[in-house]
Amino acid sequence: MIPDLACVVAMTSLLSTAGPKIVFNCTPDNDLYATLLRSHVECPFFATPTEAIDRAEPGSAVLVLADGYPDRQTRIDPAVFERATKKELTLYVEYPEAVPGLRIAPPTKAVWERLIISREGLGDLLPPMRILGLHDGRYVVTTASDPILVLARVAGFDTAVWGLPEERFPILFERPERKLIISTTKLSGFISGRFAPAGEWASLWEQLLARLDPGFKGVSLTTTPLVRPSYGRDDPLPEDVERQVLRRAAEWYFNSRLLIHPSREAAVHDLLRQGKEEVILPSADSPVGDGSCGILEGYASTIQHDGNQNQRLPLRSDCHAESAMCLALDWSLNRSARSKAVAENLLNYVLFTSEFCRGVRGDPKHPAFGLVAWGAVAPAWRVANYGDDDARVIQGAILAAACLESDRWNPSITRALLANLRTTGTLGFRGSRIDIPQLERLGWKHFHDAQTINFAPHYEAALWACYLWAYARTQDREFLDKAKTAIRMTMQAYPDRWLWQNDTERARMLLTLAWLVRVEDTGEHRAWLKRMADDLLAHQDPCGAIPVRLGVRGSGHFLAPTRNEEYGTREVPLIQENGNPVSDQLYTTGFALLALHEAAVATGDSFYKQAEDRLAAFLCRIQIQSKQFPYLDGAWFRAFDYGRWDYWSGSGDIGWGAWCVEAGWGQAWATAALALRIKNTSMWEMTKGLDIARHLGPVRRQMAENEGGPWAKGK
């Protein structure tokens, strides 16, 4: 593993012989000062700007760092500035309250804005228009000509491709007549604030130190982030690495602070009713829930000034079932009694005790009977019924139930299967979303009889996989016929008529095609599977990563911003253009690993197994490692830049940016796939013993209490 160091710095012989001439006004734990101190470079520091400037040698440099940030600005008496000028000191000041000759407005907070290099002179790694991440930046507003760094809302992966907007704010600039370098924010907190990318921030400080003192030219400053990948690109992996990764992934659920404790439940529900979606992280000593009150969605991409992240509040049905699945697999492999208990509680919560399956969805007379709500408590989430989310509830539940060796959830699983089936049209497409008001106005039979067509595997393919699984266990032809019809039409429409035409859709379709081979192993079905895998893997990197690839412009809403103003206003991909070296662990990687695993076992073809092995090793390497932030350790961020080997990408997605962590979705399926690999089995085989056939009749008789027409309350 990468060593657990806050930072490691290598200094050249030039610096060691000449000696630094920089004096600091800061606390000894300031990131920049600590970086130099740990490298045995002795730079004196003093408690006040006055003392630092008085003690500095004439002609040297003084750094006045913002250790009161963000609550307190840096205060320097005007007379002290004059003394610095008389001593011909080069003065660097962060987050100032006042500077002679400058009008400075009170601090404001960046939201979607990012840092941009705005002029030449910072080296090859930092050309003009290079973007840097300054998380939760607080900055004072002023004016400056020809700034070095500006803050602005810009689109782009690591380059402001649409240039700088008119509204931009100077962050770093020089006043050469006074030998001043002013930073309107705290740049020296680049480690504790988790500024990104790490390599570019190290380079920025190399350049700034050299400007302050030519004796620093040639310094190579290397930082180790507080939150980082578990292994380097070329590090040897332990033989049992996948078992280690799985154990850490399971432990993450208990360390994440997402499991809701009864003492916190009322407050969470109150915030959800208000429409809130984020909340500040609870303290480390807060009690951990046992799953009986549910689990929050995950962590927002927003990183605070101290490196912490906000939690995402929504109670999502898919995340509950998928979290239960991961913990049930931990029980199956490692016999963790705690994991078993929490897995059971989470399944009970999503299928029995919460409102996900209660209310109108638990009323046989209602057209929504058997469906699983997208979310609970929050009004906007309660009404929604996404087919792909219901499918992942079903898939998570069947794998968890198989691990827990219990049939208590089978009736609920059967209801969810049949409820989605009867709202799927004659051609096998359900559409992206059917909400409660639509069902009440039109009745379920309207959707059952419709000739819906929706070439969108992100929304449809997971349900087809569920239907194929259900057919294999019940021999009910409606499951098979609808799935086969839709799959054939979708493959005939591939790729030109697909909604997004990207690898997120291919990864979802791949699992469905692998399970189609399980049901009907024909040459045509194997050819479809191979074609989908070939296209998914066409750009797989030697490190194992599957890069994000954009679809054809105009084919869906999942497109890169076309102007700066779009950044942070809708759901967008992590990249700006194909070729940006980023993998997506929320939408693609975990789903691809499971699908490749199922395809390899279904076909026995080494092609799938080799690609699966490369992808599994990649996921093992990039699992989050952090002692400073244990609630992130063992998880996966959405974005990973495998060129920089760092957590970086564009982060303009309105809900799920680069540094978000989801309790379910891709992270959960990566965990599940690794567990299945360790157990030397497949999801298809492991769940074959679940008996849902005996529940079809009773559930259908319940559903017959609603004949399918418009809903009349009290009917």
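None of the values given here were measured: they were computed from a predicted structure.

Colleague: Residues and numbers for the sheet that holds strand 23 (residues 661-662), please.
Modeller: Strand order in the open sheet formed by four strands is 15-17-16-23, with antiparallel pairing between adjacent strands. If you trace the sheet from one side to the other, it starts and ends with strand 15 (278-279) and strand 23, each paired once. As paired strands, strand 16 (residues 298-303) and strand 17 (residues 309-312) are joined by three bridges and run antiparallel to one another. Bridge assignment links G298 to a residue of strand 17, and that residue is R312.

Colleague: Now, about the confidence of the model for the chain: what can you tell me, with residues and values included?
Modeller: Summing up the model confidence of the chain, the mean pLDDT is 94 and the portion of residues at 70 or higher is 96%. Here residues 1-18 is a poorly scored stretch, pLDDT under 50, and it has 53 contacts once near neighbours within four places are set aside; other chains count.

Colleague: Which residues make up the pairing of strand 2 (residues 22-25), and what values do they have?
Modeller: Burial of the side chains of strand 2 extends over both faces: I22 and F24 are buried on one face and V23 and N25 on the other. As paired strands, strand 2 and strand 4 (residues 61-64) are joined by four bridges and run parallel to one another. Residue I22 lies in a different strand from strand 4, and its bridge partner there is A61. Pairing analysis gives two bridges linking strand 2 to strand 3 (residues 45-46), with the strands arranged parallel. Note on strand 3: the bridge partner recorded for N25 is F46.

Colleague: Residues and numbers for the sheet that holds strand 8 (residues 131-132), please.
Modeller: Spatial ordering of the open sheet is given by 3-2-4-5-12-11-10-7-8, a layout of nine strands whose pairing is mixed. Looking at which strands have only one partner, the edges of the open sheet turn out to be strand 3 and strand 8. Pairing between strand 4 and strand 5 (residues 90-94): four bridges, direction parallel. When the bridges of strand 5 are listed, V62 appears paired with L91. Lying on the sheet, helix 5 (residues 198-212) is in contact with strand 2, strand 4, strand 5, strand 7 (114-117), strand 8, strand 10 (149-152), strand 11 (169-175) and strand 12 (180-183); it crosses strand 5 at an angle near 145°.

Colleague: Before we move on, could you go through the pairing of strand 17 and cite the residues and values that matter?
Modeller: Bridge count between strand 15 and strand 17: two bridges; the pairing is antiparallel. Paired with E278 across the bridge in strand 17 is R312.

Colleague: I'd like to hear about the side chain of T490, residue by residue, with values.
Modeller: Counting through the fold element by element, T490 comes out in helix 16 (residues 477-492). Residues in contact with T490, not counting those within four places in the same chain, are F429, F455, P457, W464, W498 and M509.

Colleague: Explain the packing of helix 17 (residues 503-519) against helix 19 (residues 589-603) to me, using residue names and the numbers behind them.
Modeller: Axis separation between helix 17 and helix 19 bottoms out at 8 Å; the angle between their running directions is 20°. Looking at the two axes, helix 17 sits roughly parallel to helix 19. The two elements helix 17 and helix 19 meet at a crossing, and its hand is left-handed. Contacts between helix 17 and helix 19 pair A507, R508, L510, L511, A514, W515, V517 and R518 from the former with F591, A592, L594, A595, L596, E598, A599, V601, A602 and T603 from the latter. In terms of residue class, the contact of helix 17 with helix 19 is made up of 14 nonpolar, one polar and three charged.

Colleague: How would you summarise the pattern of salt bridges if you had to cite specific residues and measurements?
Modeller: Following the criterion strictly, the structure yields 54 salt bridges and no others. Residue R138 pairs with D136 through a salt bridge whose shortest N-O separation is 2.9 Å. Among the residues examined, D136 registers a relative accessible area of 8% and is labelled buried. Of the charged contacts in the structure, one is a salt bridge between E174 and R211, with a shortest N-O distance of 3.2 Å. Here R211 lies in helix 5 and E174 lies in strand 11, a separation of 37 residues in the sequence. A single salt-bridge network, built from bridges that share partners, covers E277, E297, R312, R316, D318, E322, D388, D389 and R392.

Colleague: Please provide a residue-by-residue account of unusual backbone geometry, values included.
Modeller: The amide bond that connects Y69 to the next residue, P70, takes the cis arrangement and shows omega of 0°. As for its placement among the helices and strands, P70 is situated in the loop between strand 4 and helix 4 (78-86). Residue P495 is reached from Y494 by a cis peptide bond, and omega for that bond is -5°. Structurally, P495 is set in the loop between helix 16 and helix 17. If you check the backbone angles, E88 has positive phi at about 55° while not being a glycine. Examined against the element boundaries, E88 turns out to sit in the loop between helix 4 and strand 5.

Colleague: Provide a residue-level description of the environment of D31, including the pertinent values.
Modeller: Here D31 lies in helix 2 (residues 31-38). Taking C-alpha positions, D31 is 6.0 Å from I191, a pair spaced 160 residues apart along the chain. A distance of 2.6 Å separates a polar side-chain atom of D31 from the backbone nitrogen of S192.

What counts and what doesn't
- Residues numbered from 1 in each chain as written.
- Predicted model: local features only at pLDDT ≥ 70, side-chain atom pairs only at ≥ 80, totals over all residues.
- Heavy atoms only, no water.
- Pairing = 2+ DSSP bridges.
- Helix = DSSP H or I, 4+ residues; strand = E, 2+ residues; numbered from the N terminus.
- pLDDT = per-residue confidence, 0-100.
- Contact = heavy atoms within 4.5 Å.
- Buried < 20%, exposed > 50% of the residue type's maximum accessible area, 1.4 Å probe, protein only.
- Axes fitted to C-alpha atoms, helices over the stretch in contact; angles between N-to-C directions.
- Parallel < 35°, antiparallel > 145°, perpendicular 65-115°, else oblique.
- Left-handed = near helix turned anticlockwise from the far one by under 90°.
- Nonpolar A, V, L, I, M, F, W, Y, C, P; charged D, E, K, R; others polar.
- Salt bridge = Lys/Arg side-chain N within 4 Å of Asp/Glu carboxyl O.
- Polar contact = N/O pair within 3.5 Å; in protein donor to acceptor, adjacent residues only side chain to side chain.

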